[in-house]
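Chain by chain, the residues:
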Amino acid sequence: MTVTPKLGTRHSLEILKVIRNGLLLDGGELGEVLLPSREVENQSLAPGDSVMVTLYSDGDARPMASLRTPRIQLGQVALLKVVSTSKVGAFVDWGMPKDLLLPFAEQKGPVREESWVLVMLTTDREGRLMVSAQLDRFLSDTCQAYQQGDEVSLVAAHSTDLGYKVVVDNHAWGMIAASELRAPLRPGQRVTGYVQRLREDQKLSLSLNAPGAAKSDGLTEQILAALENAGGELPLGDKSSPEVIFQTFRCSKNAFKQAIGGLYKARRIVIEKERIFFPEGE
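Since the structure is predicted, the reported quantities are computational estimates derived from the model, not experimental observations.

Here we look at helix 3 (residues 253–265)
Taking 1.5 Å of rise per residue, the 13 residues of helix 3 would be expected to cover 18 Å, and the 18 Å separating its terminal C-alpha atoms lies within 8% of that figure. Those residues of helix 3 lying buried are Lys253, Ala255, Phe256, Ala259, Ile260 and Leu263. Seen along its axis, helix 3 keeps its buried residues to an arc of 160°; they face one direction. Of the residues flanking the end of helix 3, it is Arg267, one or two places downstream, whose phi is positive at about 60°.

Structural data, given as structure tokens:
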């Protein structure tokens, strides 16, 4: 299936001809797209070759191409830096020759130069690229498209009393419970997550641990080996902080509790609030 080139995305385009200013590419419905000569210095390219480019528009709304890889593409969410402000809004750096406009109407609050904002790349009514911080307009609070255990791409948004709110696959909101966090997340951080459970209200509960990770032999063996090396006792238990657990075993508190729970059921260890240890006779 042929994909129609769009502004704000990456495509492999055929070179139509070489001109003084650079290379003219076949942009399909966008027409001929200029890849400036400054982008292709010391490269051997000729008509008929294909080149991977990012499409954007210049100050006169003409489609342009760049070899650069952007920090965000159309329909994606990312944390971008504000590089300037003006009477029409703010401008953010997305790694391309021309910065993107964040209009006043698309801001959640006042922004200043050098600050960072979580935005989605979209277009205005005239089809011009812009970004919006009004993410609720683009992201759903509920989603029925996933099954328990599905792998998803996450972008961290902000912490809450319950855990961390994240953007799921650029089209829905989700939540990672505090007990599932291996370490504190940073706004804009990209991580791989998994659908933990399907809630009755259709909101997404997520985990950073792959399905069954807590029961894996790997974590169980790590805990047993650590107990052996420590003389049969570790100062970790049900009430230990997620940070301490992560520093020790590089896993979430929930994963740790499931693993030691399995060892307890197998009568391999004894669990107390602040410690685990081998039973007498081990």
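Remarks on the sheet that holds strand 17 (residues 270–271)
If you trace the three strands from one edge of the open sheet to the other, you get 16-18-17, paired in antiparallel fashion. Here the strands that pair on one side only, and so sit at the sheet edges, are strand 16 (233–234) and strand 17.

Digging into the pairing of strand 9 (residues 116–123)
Of all eight residues in strand 9, six are buried, a share of seventy percent or more. Here strand 6 (residues 77–86) pairs with strand 9 via five bridges, running antiparallel. In the sheet register, Ala78 faces strand 9, and the bridge partner there is Val119. With four bridges joining them, strand 9 and strand 10 (residues 129–132) adopt antiparallel strand pairing. Among the inter-strand pairings, Met120 is bridged to a residue of strand 10, identified as Ser132. Two successive antiparallel strands, strand 9 and strand 10, enclose a turn made up of five residues, where Gly127 displays a positive phi of approximately 85°.

Some words on a negative patch on the surface
Together, Glu14, Asp26, Glu32 and Asp49 give the surface a local cluster of negative charge. As for its position among the elements, Asp49 is in the loop between strand 3 (32–36) and strand 4 (50–57).

As for the sheet that holds strand 8 (residues 100–103)
Pairing within the open sheet is antiparallel, and its five strands lie in the order 8-7-6-9-10. Strand pairing shows two members of the sheet lacking a second neighbour, strand 8 and strand 10, which therefore form its edges. On average, each strand axis in the sheet is tilted by 55° relative to the strand beside it, whichever way the strands run. Both strand 7 (residues 89–93) and strand 8 contribute to a ladder of four bridges, which runs antiparallel. For Ala90, the partnering residue across the bridge sits in strand 8 and is Leu102.

Focus: the side chain of Lys253
As for its position among the elements, Lys253 is in helix 3. There is no salt bridge for the buried Lys253, and the closest opposite charge comes from Asp238, which lies 7.3 Å off by N-O distance. Polar contacts involving the side chain of Lys253 include one to the main-chain carbonyl oxygen of Asp238, which spans 3.1 Å. Apart from residues no more than four positions distant in its own chain, Lys253 is found in contact with Ser179, Asp238, Lys239, Ser240, Pro242 and Ile245.

Considering the pairing of strand 2 (residues 22–26)
Strand 2 sits mainly inside the fold: four of its five residues count as buried. When strand 1 (residues 10–19) meets strand 2, the two strands line up antiparallel, connected through four bridges. Counterpart to Val18 in the pairing with strand 2 is Leu23. Adjacent in sequence and paired antiparallel, strand 1 and strand 2 are bridged by two residues. Bridge count between strand 2 and strand 3: five bridges; the pairing is antiparallel.

As for the side chain of Glu39
Here Glu39 shows up in the loop between strand 3 and strand 4. Buried Glu39, no salt bridge; nearest opposite-charge side chain is Arg68, N-O distance 4.4 Å. Side chain to side chain, Glu39 and Ser66 meet in a polar contact 2.9 Å long. Polar contacts involving the side chain of Glu39 include one to the main-chain amide nitrogen of Leu67, which spans 3.0 Å. With near-sequence residues (within four places) excluded, Glu39 lies in contact with Ser66, Leu67, Arg68 and Pro97.

Basis of the calculations
Residues numbered from 1 in each chain as written. Predicted model: local features only at pLDDT ≥ 70, side-chain atom pairs only at ≥ 80, totals over all residues. Heavy atoms only, no water. Helix = DSSP H or I, 4+ residues; strand = E, 2+ residues; numbered from the N terminus. Expected span 1.5 Å × (residues − 1). Buried < 20%, exposed > 50% of the residue type's maximum accessible area, 1.4 Å probe, protein only. Arc of directions from axis to C-beta. Pairing = 2+ DSSP bridges. Patch = residues over 30% accessible without salt bridge, like charges linked within 9 Å, V, L, I, M, F, W, Y side chains within 5 Å. Areas by Shrake-Rupley, 256 points an atom, 1.4 Å probe, with all protein chains shown as cover. Salt bridge = Lys/Arg side-chain N within 4 Å of Asp/Glu carboxyl O. Lys, Arg positive; Asp, Glu negative; His and termini not counted. Charge placed at Lys NZ, Arg CZ, Asp CG, Glu CD. Axes fitted to C-alpha atoms, helices over the stretch in contact; angles between N-to-C directions. Polar contact = N/O pair within 3.5 Å; in protein donor to acceptor, adjacent residues only side chain to side chain. Contact = heavy atoms within 4.5 Å.

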